[in-house]
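Descriptive structure summary
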Amino acid sequence: MMHTDYPVEAGDFTRAGEASADIKRRLRQLGVSTELLRRVAVASYELELNIVIHSVGGQLSLEVDSQCVRLSSSDRGPGIVDVAQAMREGYSTANDEARSMGFGAGMGLPNMRRNADVFTIDSVPGRGTDIQMLFELA
Amino acid sequence: MRISELITLLDARVLAEGNKADITCGYSCDLLSLVMGRGREGMAWVTVQTHLNVIAVASLGEMACVILPEGIVMEPPILDKAREEGITVLSSPKTAFAICGLMHQQGIPPA
Ligand SMILES: Nc1ncnc2c1ncn2[C@@H]1O[C@H](COP(=O)(O)OP(=O)(O)OP(=O)(O)O)[C@@H](O)[C@H]1O
Ligand SMILES: [Mg+2]
């Protein structure tokens, strides 16, 4: 029904959040409920910022059909060596610049998993990270 | 509580005027992912962070206002973005501790 891709640049803090804002705007236009809108917004923001902060660049995708909202990302590296460790609340490798801006709580991936109905992450060190989330339309 | 009452309560200066009139709850934190996880419609968020992503987090979370403690201010381009997104930005001479205490005393619930 709808499919939009958003390129996300590494390290670009001035544009960070713009893809998430557009995703929210589109879903609101489709009449998605406020509560679901909030959950998708949290997840897409965390997804987008992780690409900005931790990857060398990638993209977000939004797909919507009559059943669900599908939010996915793929980046070009560096990938995550220990995914279980990365998923733990409080674990972060964010650098000093990101931390000084208030990133690096190690809550982004846990926030995604908590807000999505289905969450999957695949990462290959040296290749990149793919994340997929599904949100059921009530 | 209405934002107009909050302004008086906190001796605050309005740096940017948004489009929500009422506060539903309050929260204070400078780590954006914790704030993102707590964000609620109409929330008043106390933080010392002043960069562009503060406005993105407030807007994505449908918050009503950002309150900067200890007279901290934001740069004009950040305030322009706040107006565009309908987020009120206040600057209070009080500490974050005092701001939260006053808001709590007035019955504003935690997020
Ligand atoms: N796209 C990615 N590429 C490479 N590493 C990643 C990626 N996303 C997450 N990580 C790794 O997983 C860790 C945990 O991510 P998470 O989003 O939970 O926390 P954070 O981004 O460090 O801090 P926060 O999201 O709370 O600001 C990161 O610190 C990083 O090491
Ligand atoms: Mg993160």
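Residues numbered from 1 in each chain as written. Chains lettered and ligands numbered in written order. Predicted model: local features only at pLDDT ≥ 70, side-chain atom pairs only at ≥ 80, totals over all residues. Heavy atoms only, no water.

Glancing now at the overall build of chain A. Along its length, chain A carries 5 helices and 5 strands. Starting at the N terminus and walking to the C terminus, you meet the elements of chain A as β-α-α-β-β-α-α-α-β-β. Relative to its length of 138 residues, chain A is compact, with a C-alpha radius of gyration of 14 Å against a globular reference of 14 Å. Its C-alpha atoms put chain A at 40 × 30 × 25 Å along the principal axes. Taking contacts inside chain A between residues at least 6 apart in sequence as the whole, the part at least 24 apart equals 63%. Within the structure as shown, chain A displays about 6800 Å² of accessible surface, and the carbon and sulfur contribution to it stands at 46%. (Helix = DSSP H or I, 4+ residues; strand = E, 2+ residues; numbered from the N terminus. Rg over C-alpha atoms; globule rule 2.2 N^0.38 Å. Contact = heavy atoms within 4.5 Å. Areas by Shrake-Rupley, 256 points an atom, 1.4 Å probe, with all protein chains shown as cover.)

Glancing now at the interface of chain A and chain B. With 22 residues of chain A in contact, the opposing surface of chain B contributes 19 residues. For the pair chain A and chain B, the two sides together bury roughly 1600 Å², of which 56% comes from carbon and sulfur. For the chain A face of the interface with chain B, the top three residues by lost area are Arg-38, Tyr-45 and Met-101 of chain A, together amounting to 30%. In this assembly, chain A and chain B are joined by 2 salt bridges. (Buried area = accessible area lost by both parts, 1.4 Å probe. Salt bridge = Lys/Arg side-chain N within 4 Å of Asp/Glu carboxyl O.)

Turning our eyes to something else, we now look at the packing of helix α3 (residues 52–60) of chain B against helix α4 (residues 76–85) of chain B. Residue and element names in this part refer to chain B. Between α3 and α4, whose axes approach to 9 Å, the crossing angle comes to 15°. When the axes of α3 and α4 are compared, the pair comes out roughly parallel. The element α3 and its partner α4 pack so that their crossing is right-handed. Two secondary-structure elements touch here, α3 through Leu-52, Ile-55 and Ser-59 and α4 through Ile-78, Lys-81, Ala-82 and Glu-85. Its residues assigned to classes, the contact of α3 with α4 comprises 4 nonpolar, 1 polar and 2 charged. (Axes fitted to C-alpha atoms, helices over the stretch in contact; angles between N-to-C directions. Parallel < 35°, antiparallel > 145°, perpendicular 65-115°, else oblique. Left-handed = near helix turned anticlockwise from the far one by under 90°. Nonpolar A, V, L, I, M, F, W, Y, C, P; charged D, E, K, R; others polar.)

We now examine α3 of chain B. All names here are of chain B. Counting buried positions over the 9 residues of α3 gives 8, a clear majority of the element. For α3, the full list of buried residues reads Asn-53, Val-54, Ile-55, Ala-56, Val-57, Ala-58, Ser-59 and Leu-60. Positive backbone phi, approximately 60°, marks Glu-62, located one or two places after α3. (Buried < 20%, exposed > 50% of the residue type's maximum accessible area, 1.4 Å probe, protein only.)

Once that is clear, we can look at the pairing of strand β1 (residues 2–8) of chain A. Across a regular strand the side chains alternate sides, sitting on one face of the sheet and then on the other. Residue and element names in this part refer to chain A. Because side chains alternate across β1, one face comprises the buried residues Met-2, Thr-4, Tyr-6 and Val-8, and the other comprises His-3, Asp-5 and Pro-7, none of which is buried. Of the pairings in the sheet, the one linking β1 to strand β2 (residues 58–64) comprises 7 bridges and is antiparallel in character. From the neighbouring strand, Tyr-6 faces β2, where its bridge partner is Leu-60. (Pairing = 2+ DSSP bridges.)

So, on to α4 of chain B. Given 3.6 residues per turn, any residue in an α-helix points the same way as the ones three and four places further on. Residues and elements named next belong to chain B. Regarding α4, the residues found buried are Ile-78, Leu-79 and Ala-82. Down the axis of α4, the sector holding all buried residues measures 100°, keeping them to one side. In α4, the exposed positions that point more than 90 degrees away from the buried face belong to Pro-76, Pro-77 and Glu-84. Each element contacted by the buried residues of α4 is listed here: β1 (13–16), α3 and β5 (88–91). Gly-86 sits one or two residues past α4 and shows a positive phi near 75°. (Arc of directions from axis to C-beta.)

What follows concerns the nonpolar core. Met-133 of chain A together with Trp-45 of chain B are the most contacted members of the largest nonpolar core, which has 64 residues in total. By residue number, the principal contributor to this core is helix α2 (residues 34–54) of chain A, which donates 11 residues. Discounting residues that sit within four places of it in the chain, Met-133 of chain A has contacts with Ala-43, Leu-47, Val-69, Arg-70, Leu-71, Met-112, Ala-116, Val-118 and Phe-119 of chain A. Ranked by size, the runner-up nonpolar core spans 14 residues in total, among them Ile-23, Ala-44, Cys-65 and Ile-67 of chain B. (Core = buried A, V, L, I, M, F, W, Y, C linked by side-chain atoms within 4.5 Å.)

Take the site of ligand 1 next. In the vicinity of ligand 1 lie 20 residues, with His-54, Ser-92, Thr-93, Gly-104 and Met-107 of chain A positioned nearest. In this structure, ligand 1 is bordered by residues of chains A and B. In the environment of ligand 1, a nitrogen atom lies 2.8 Å from a nitrogen or oxygen atom belonging to the side chain of Asp-75 of chain A. In the environment of ligand 1, an oxygen atom lies 2.8 Å from a nitrogen or oxygen atom belonging to the side chain of Ser-33 of chain B. A total of 590 Å² of accessible area belongs to ligand 1 in isolation, and the protein chains cover 95% of it. Contributions of two or more residues to the shell around ligand 1 are made by α2 and α5 (108–115) of chain A. (Near = heavy atom within 4 Å. Polar contact = N/O pair within 3.5 Å; in protein donor to acceptor, adjacent residues only side chain to side chain.)

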